[in-house]
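Next come the chains, spelled out residue by residue.
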Amino acid sequence: PRPIETEEEEEEEGAGGGSGEGGGGGVRASLLAKVSCLLRSRSLHAPVGGILLESPQLSPHADALRAATGLPVFDALTLAASFELAAALPAPASASASASASA
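Residues numbered from 1 in each chain as written. Predicted model: local features only at pLDDT ≥ 70, side-chain atom pairs only at ≥ 80, totals over all residues. Heavy atoms only, no water.

*Asks:* How do you make sense of the overall build of the protein when you look at a structure like this?
*Replies:* Counting its secondary structure elements, the protein contains 5 helices and 2 strands. Going from the N terminus to the C terminus, the protein shows its helices and strands as α-α-β-α-β-α-α. Taking all 103 residues of the protein together, 19% fall into the buried category. Entry remark: accessible area of the protein is about 7,000 Å², with carbon and sulfur atoms responsible for 61%. (Helix = DSSP H or I, 4+ residues; strand = E, 2+ residues; numbered from the N terminus. Buried < 20%, exposed > 50% of the residue type's maximum accessible area, 1.4 Å probe, protein only. Areas by Shrake-Rupley, 256 points an atom, 1.4 Å probe, with all protein chains shown as cover.)

Take a look at the structure:
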């Protein structure tokens, strides 16, 4: 799948639109419109299983995308949280047993 082009959003941010919590309504509306159009066109070919936001500047809009599409949205923040949760999990019993057997 092709990434969603965001040149318009970058231009709006440069003009004072911003993408933080306090602003970026125009960016969010434009992003939601583009994602909606993309999902409609992709539904004719193959289902979309999730959305990947490659730019950290789009992370503030992840919750709006989740709510509007019902799809999982992945960004740098969800990636970091996933690594943090995985690191906190105990090692599987089979891995610790094979480690002690090889020692």
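*Asks:* How should the nonpolar core be read in this particular structure?
*Replies:* Within soluble globular proteins, side chains that are nonpolar tend to cluster in buried spots. Grouped together as the largest cluster of nonpolar side chains are 9 residues: Leu31, Val35, Ile51, Leu53, Leu58, Ala62, Leu65, Leu71 and Val73. Contributing elements (two or more residues each) for this core: α2 (25-42) and α3 (62-69). Not counting residues up to four positions away in its chain, the partners in contact with Ile51 are Val35, Thr69, Leu71, Pro72, Val73 and Phe74. (Core = buried A, V, L, I, M, F, W, Y, C linked by side-chain atoms within 4.5 Å. Contact = heavy atoms within 4.5 Å.)

*Asks:* Sorry if this is basic, but what is going on with the pattern of salt bridges here?
*Replies:* When their charged atoms lie close together, side chains carrying opposite charge are able to pair. Tallied over the full model, the rule gives 1 salt bridge. Residue Arg66 pairs with Asp63 through a salt bridge whose shortest N-O separation is 2.6 Å. Here Asp63 and Arg66 lie together in helix α3, a separation of 3 residues that amounts to about one turn. Note on Arg66: relative accessible area 27%, which makes it partly exposed. The exposed category is assigned to Asp63, whose relative accessible area is 55%. (Salt bridge = Lys/Arg side-chain N within 4 Å of Asp/Glu carboxyl O.)

*Asks:* Honestly, the confidence of the model for the protein in this entry has me stumped. Any pointers?
*Replies:* Low pLDDT means the predicted atomic positions in that stretch should not be read closely. Summing up the model confidence of the protein, the mean pLDDT is 73 and the portion of residues at 70 or higher is 65%. When pLDDT is averaged over each helix and strand of the protein, the minimum, 43, is found for helix α1 (residues 7-14) and the maximum, 91, for strand β2 (residues 73-74). The low-confidence segment residues 1-22 (pLDDT under 50) makes 31 contacts with residues lying over four places distant or belonging to another chain. (pLDDT = per-residue confidence, 0-100.)

*Asks:* How do you make sense of the side chain of Asp75 when you look at a structure like this?
*Replies:* Within the secondary structure, Asp75 sits in the loop between β2 and α4 (76-88). This buried residue, Asp75, is left without a salt bridge; Arg66 holds the nearest opposite charge, at 4.7 Å. (Lys, Arg positive; Asp, Glu negative; His and termini not counted.)

*Asks:* In this structure, what is going on with α3? I would like to understand it.
*Replies:* Because an α-helix packs 3.6 residues into every turn, residues spaced three or four apart end up facing the same way. Where α3 is concerned, the buried positions are Ala62, Ala64 and Leu65. Summarising the axial view, the buried residues of α3 lie within an arc of 160°, below the 170-degree limit, and thus occupy one face. Structural note: α3 exposes Asp63 and Ala67 on the side pointing more than 90 degrees away from its buried face. Gly70 sits one or two positions beyond α3 and adopts a positive phi of about 75°. (Arc of directions from axis to C-beta.)

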